[in-house]
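Chain residues, written in single-letter form:
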Amino acid sequence: MKPFVVSFKGREIDFKGRRIVRRYRDIMGIFQAVDPTLESENPVVYEVFEAPIPEAEGELMFLVTILYPGDVKGEYFMTKGHYHVVEGTAEVYLGLQGKGLILCQTKEGDFEAVEMTPSSVVYIPPYWAHRTVNVSDEPLVFFAVYPAHAGHDYETIEREGFKKRVFKTETGYVLR
Ligand code: M6P
Ligand code: ZN
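Residues numbered from 1 in each chain as written. Chains lettered and ligands numbered in written order. Predicted model: local features only at pLDDT ≥ 70, side-chain atom pairs only at ≥ 80, totals over all residues. Heavy atoms only, no water.

Trainee: Would you mind going over the site of ligand 1 with me for this structure?
Mentor: Contacts to ligand 1 come from 16 residues, most closely from Y46, L63, T65, E91 and Y154. Contact distances for ligand 1 include 2.9 Å between an oxygen atom and a backbone N or O atom of G81. H82 places a polar side-chain atom, nitrogen or oxygen, 2.9 Å from an oxygen atom of ligand 1. Burial of ligand 1 by the protein chains amounts to 98% of its free accessible area of 370 Å². Those elements giving two or more residues to the shell around ligand 1 turn out to be strand 3 (60-67), strand 7 (91-97) and strand 12 (140-147). Considering each element in turn, the shell around ligand 1 owes the most residues, 3 residues, to strand 12. Counted by class, the shell around ligand 1 contains 7 nonpolar, 6 polar and 3 charged residues. (Near = heavy atom within 4 Å. Polar contact = N/O pair within 3.5 Å; in protein donor to acceptor, adjacent residues only side chain to side chain. Areas by Shrake-Rupley, 256 points an atom, 1.4 Å probe, with all protein chains shown as cover. Helix = DSSP H or I, 4+ residues; strand = E, 2+ residues; numbered from the N terminus. Nonpolar A, V, L, I, M, F, W, Y, C, P; charged D, E, K, R; others polar.)

Trainee: Could you clarify how one ought to interpret the coordination of the zinc ion (ligand 2) in this entry?
Mentor: Put simply, a metal with four donors set out as a tetrahedron has ideal angles of 109.5 degrees, and one with six donors set out as an octahedron has ideal angles of 90 or 180 degrees. For the zinc ion (ligand 2), the protein coordination sphere consists of H82 (NE2), H84 (NE2), E91 (OE) and H130 (NE2), at 2.0 to 2.2 Å. If you look at the zinc ion (ligand 2), its 4 donor atoms make angles of 86 to 158 degrees with each other, and the shape they trace is irregular. All donors to the zinc ion (ligand 2) come from one chain, and their sequence spacing reads H-x1-H-x6-E-x38-H. Pair noted here: E91 is in strand 7 and H130 is in strand 11 (residues 129-134), with a separation of 39 residues, a long-range link. H130 carries the same exposure label as E91, and that label is buried. (Donors = N, O, S within 2.8 Å, 3.2 Å for Na, K, Ca; no water. Tetrahedral: all angles 85-135°; square planar, octahedral: opposite > 155°, others 65-115°. Buried < 20%, exposed > 50% of the residue type's maximum accessible area, 1.4 Å probe, protein only.)

Following this line, the structure appears as structure tokens:
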């Protein structure tokens, strides 16, 4: 592979790699409630624009995620969330637009939630699962980079969930 550069402006992103689109019906099981209107409209909840990087040790995968604003009966739109298959691998997020909350937890039961706004950099250490929640009313856009061989373990989260969920209130968000 040769050095390369990609650039993007706003939501016109072409990183030349995979584009992953997750609609409501693909991920509705992660939310506490079911919303029949969303079920019939089946909107895009988030999309991921990856760079064409091989999933090999030594490589760094990078991507941009757009998590749209919305909620399922008060529970904010969020990503599925995952541990890394290669558990000793970290990840860095850079906020570009909107306000997010990154839920992090370990298999030992530690839990942390950190806010991400434009220009903030979030460090997710090895062994911490991570899920992103859009707590704003605009698209949450962020850049992410992680060791390309890390892999996504969704099963553990599907089985155990995250310790807390994030709901909309009149004054902001609340974790329950
Ligand atoms: C971030 C990164 C990606 C991840 C994406 C969506 O951009 O952590 O690796 O794919 O969020 O999250 P998830 O894979 O949990 O649905
Ligand atoms: Zn990750």
